[in-house]
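Now for the letters of each chain:
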Amino acid sequence: MKVIFLDIDGVINSEDFAIWIHEHPEFCENGGHFWVDPQKIDMIVNLCEETGAKLVISSSWRGWSLRATLEDFSTYRDLSRLNTYIVGVTPRFYMNSRMYMSRGDEIQYYLSTDQSITHYCIVDDDNDMLDSQQDHFVRCSYLFGLIPNRVAKMKEILQLENDSKVGYVVWY
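None of these values were measured; they are calculated from a predicted model.

Participant: Can you walk me through the pattern of salt bridges in this structure?
Facilitator: Note that side chains of opposite charge can pair when their charged atoms are close. The final tally for this structure, using the stated rule, is 8 salt bridges. Among the salt bridges present, the one from Arg 103 reaches Asp 7, with a minimum N-O distance of 3.1 Å. In this pair, Arg 103 is assigned in helix H5 (residues 103-113) and Asp 7 in the loop between strand E1 (2-6) and helix H1 (15-23), connecting sequence segments 96 residues apart. Notably, a salt bridge pairs Lys 153 with Glu 156, separated by 3.5 Å at the nearest N-O pair. Residue Lys 153 and its partner Glu 156 are located together in helix H6 (residues 148-158), separated by 3 residues, close to a single helical turn.

Participant: Hey, could you run me through the environment of Leu 70 in this one?
Facilitator: With respect to the helices, strands and loops of the structure, Leu 70 is situated in helix H4 (residues 66-73). A C-alpha to C-alpha distance of 8.9 Å links Leu 70 and Leu 82, two positions 12 residues apart in sequence. Those residues within four positions of Leu 70 in sequence are excluded, and the remaining contacts are Asn 83 and Ile 86.

Participant: Where do I start with the environment of Val 123 in this structure?
Facilitator: With respect to the helices and strands, the residue Val 123 is situated in strand E6 (residues 119-124). Owing to a relative accessible area of 0%, Val 123 belongs among the buried residues under this scheme. Once the C-alpha coordinates of Val 123 and Gly 10 are considered, the two residues, 113 residues apart in sequence, prove to be 9.7 Å apart. Those residues in contact with Val 123, other than ones at most four positions away along the chain, are Ile 4, Phe 5, Leu 6, Asp 7, Val 11, Val 138, Cys 140, Leu 146 and Met 154.

Participant: How should the sheet that holds strand E3 (residues 86-89) be read in this particular structure?
Facilitator: Within a sheet, adjacent strands bond to each other through the backbone by hydrogen bonds, running parallel or antiparallel. Spatial strand order, E3-E2-E1-E6-E7: 5 strands in an open sheet with parallel pairing. Each of the sheet's edge strands pairs with one partner strand only, and the pair in question is E3 and strand E7 (137-139). In this sheet, adjacent strand axes meet at a mean angle of 25° when their direction is disregarded. Judged from the 4 bridges that link them, E1 and strand E2 (residues 54-57) form a sheet pairing that is parallel. Residue pairing across strands places Ile 4 opposite Leu 55, the latter belonging to E2. Along the sheet face, H6 touches E1, E6 and E7 and points at about 160° away from the line of E6.

Rules used throughout
Residues numbered from 1 in each chain as written. Predicted model: local features only at pLDDT ≥ 70, side-chain atom pairs only at ≥ 80, totals over all residues. Heavy atoms only, no water. Salt bridge = Lys/Arg side-chain N within 4 Å of Asp/Glu carboxyl O. Helix = DSSP H or I, 4+ residues; strand = E, 2+ residues; numbered from the N terminus. Contact = heavy atoms within 4.5 Å. Buried < 20%, exposed > 50% of the residue type's maximum accessible area, 1.4 Å probe, protein only. Pairing = 2+ DSSP bridges. Axes fitted to C-alpha atoms, helices over the stretch in contact; angles between N-to-C directions.

Below you can see the structure in the form of structure tokens.
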């Protein structure tokens, strides 16, 4: 199974989209949400359709379970479109009551518990991934979120035929 570990803040939303929302208040008045850019959702949906990939939510937007996440996402008009592709959520690991372990650690744990994953890609605006995950990591800028060249790199990683452990580090 091909999997995309998906962050929301800085990927599905961005500073650029926040500015656009302030200039277009009718978007929210017509059912849109100020934290969910429908164009970014389109990019993820299209990528899942083209590659056959499924989504694992690694974002702080995830609930404590898959079911809770699907229920939460269903309350957002555009974000709910991802529910068809979501197969899991990464666990939340705490070092103590004030400190989380890295997102990379959470993703690594998920990978170790699901042997059906053959290819994976991580898309996030933060860089707290493990060294062993850097070849699978596509970093977005929080200023612009997901953009076409990041999607192209994600697709390239997900479609590698010879070795699912090979990917590309992408940053600009």
